[in-house]
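Structural description and commentary
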Protein chains: 2
Amino acid sequence: MENSISKIQGAITRNSELFEELANLYKIFGDASRVKILCALTQSEMCVSEISAFLSISQSAVSHQLRILKTSNLVKTRREGKNIIYSLTDDHVRTIIDCGMEHIAE
Amino acid sequence: MENSISKIQGAITRNSELFEELANLYKIFGDASRVKILCALTQSEMCVSEISAFLSISQSAVSHQLRILKTSNLVKTRREGKNIIYSLTDDHVRTIIDCGMEHIAE
DNA sequence: TGCTTATATGAGCATTTGTTCATATGTTCA
DNA sequence: TGAACATATGAACAAATGCTCATATAAGCA
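So, here is what we can say about the structure in this document.

Conventions and cut-offs
Residues numbered from 1 in each chain as written. Chains lettered and ligands numbered in written order. Predicted model: local features only at pLDDT ≥ 70, side-chain atom pairs only at ≥ 80, totals over all residues. Heavy atoms only, no water. Helix = DSSP H or I, 4+ residues; strand = E, 2+ residues; numbered from the N terminus. Buried < 20%, exposed > 50% of the residue type's maximum accessible area, 1.4 Å probe, protein only. Contact = heavy atoms within 4.5 Å. Near = heavy atom within 4 Å. Polar contact = N/O pair within 3.5 Å; in protein donor to acceptor, adjacent residues only side chain to side chain. Salt bridge = Lys/Arg side-chain N within 4 Å of Asp/Glu carboxyl O. Axes fitted to C-alpha atoms, helices over the stretch in contact; angles between N-to-C directions. Parallel < 35°, antiparallel > 145°, perpendicular 65-115°, else oblique. Nonpolar A, V, L, I, M, F, W, Y, C, P; charged D, E, K, R; others polar. Buried area = accessible area lost by both parts, 1.4 Å probe.

Check the secondary structure of chain A and you find 6 helices and 3 strands. Across the 106 residues that make up chain A, the buried fraction comes to 44%. The contacts of chain A with a sequence gap of at least 6 include a subset with a gap of at least 24, amounting to 51%.

And the structure:
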């Protein structure tokens, strides 16, 4: 018992950066604006002004948040004329949101 | 297309508190100390001083974080003599952590 | 080329967050 | 009951966060 707990401790101590990384990932989902943006992109790719209009968040705020999402590799972009279209990088985002939703649903 | 996006917007606007709630859930996971605590409890229930020693976080800091976790119903407690034993409320925590780990694993 | 639209970005600011320190509360046991 | 251990909690403070405002950058079009 004591021994097995020591093992856990070892694992946690050794993987300290891993937990840091994990926390950083969740931190990104820990903001209503970003979750909304991600959730919207779950349904369809969108350009900045669309996101801004749909979520009633200022263009600047959306842009700032999108930068965070892009830096974290959760979304990717492509240019289409004047617009920049944002979409999810992969399906993990969907999975993570679903995960949380299930918990909330109780 | 325009129509379907409108539907998404409606859903997001109508469920604004839902996203707030979702963000609040993730916010809890968005701190290395708390993730470590939760992860430790994933393996075994523990009392405060054990957690504190294992994670090298001060007793006070652990206690403060545990209060947050308890308020959010992610952990539950029972007293055993002088100690208060903390354990996960349910398996959702495990699932959510696994979810994030998978994403990080790339 | 100059105007308009779309997006990005920096500075400033108010709010939130996580820690520490000091102390209170609660339990055990001599 | 009083000392010792375990946990909780409030105040204070530094750091991080997310927004707004102003402005920069970039593309399309007359």
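We now examine the protein's contact with DNA strand D. What surrounds DNA strand D is a group of 24 residues, the closest being A:Arg34, A:Ser60, A:Gln65, B:Ser60 and B:Tyr86. Of everything in DNA strand D that lies within 4 Å of the protein, sugar and phosphate atoms constitute 68%. Contact distances for DNA strand D include 3.3 Å between a base oxygen and a side-chain N or O atom of A:His64. In this structure, a phosphate oxygen belonging to DNA strand D sits 3.4 Å away from a main-chain N or O atom of B:Val48. Residue assignment for the surface near DNA strand D shows that the elements contributing at least two residues are helix H3 (32–43) and helix H5 (59–71) of chain A together with helix H4 (48–55), helix H5 (59–71) and strand S3 (83–88) of chain B.

Take the pattern of salt bridges next. Residues and elements named next belong to chain A. Under the definition given, this model contains 6 salt bridges over all chains. Between Glu45 and Arg78 there is a salt bridge, and its shortest N-O distance comes to 2.8 Å. Note that Glu45 is positioned in the loop between H3 and strand S1 (46–47) and Arg78 in strand S2 (residues 75–80), a separation of 33 residues in sequence. For Arg78, a relative accessible area of 35% corresponds to the partly exposed category.

Now for the packing of helix H6 (residues 92–105) of chain A against helix H6 (residues 92–105) of chain B. If you want to describe how two helices pack, look at the angle between their axes and the distance between the axes. Look at H6(A) against H6(B): their axes get within 10 Å of each other, and the N-to-C directions meet at 170°. Considered as vectors, H6(A) and H6(B) are oriented roughly antiparallel to each other. Packed against H6(A), whose contacting residues are A:His92, A:Thr95, A:Ile96, A:Cys99, A:Glu102 and A:His103, the element H6(B) presents B:His92, B:Thr95, B:Ile96, B:Cys99, B:Glu102 and B:His103 at the interface. Here the residues of the contact of H6(A) with H6(B) are counted per class, giving 4 nonpolar, 6 polar and 2 charged.

Each partner contributes to the interface: chain A provides 44 residues, whereas chain B provides 43 residues. Both sides together, the interface formed by chain A and chain B hides about 4,000 Å², and carbon and sulfur atoms give 76% of it. The largest per-residue losses of area from chain A upon contact with chain B belong to A:Tyr26, A:Phe54 and A:His103, which jointly make up 17% of the total buried on that side. Seen at the junction of chain A and chain B, the total is 8 residue pairs in polar contact (both at pLDDT 80 or more). Of all the secondary-structure elements, those providing two or more residues to the side of chain A that touches chain B are helix H1 (2–14), helix H2 (16–29), H3, helix H4 (48–55) and H6 of chain A. In terms of residue count, the dominant contributor to the side of chain A that touches chain B is H2(A) (11 residues). For the side of chain A that touches chain B, the per-class residue count stands at 25 nonpolar, 10 polar and 9 charged.

None of this, on its own, says anything about what the molecule does.
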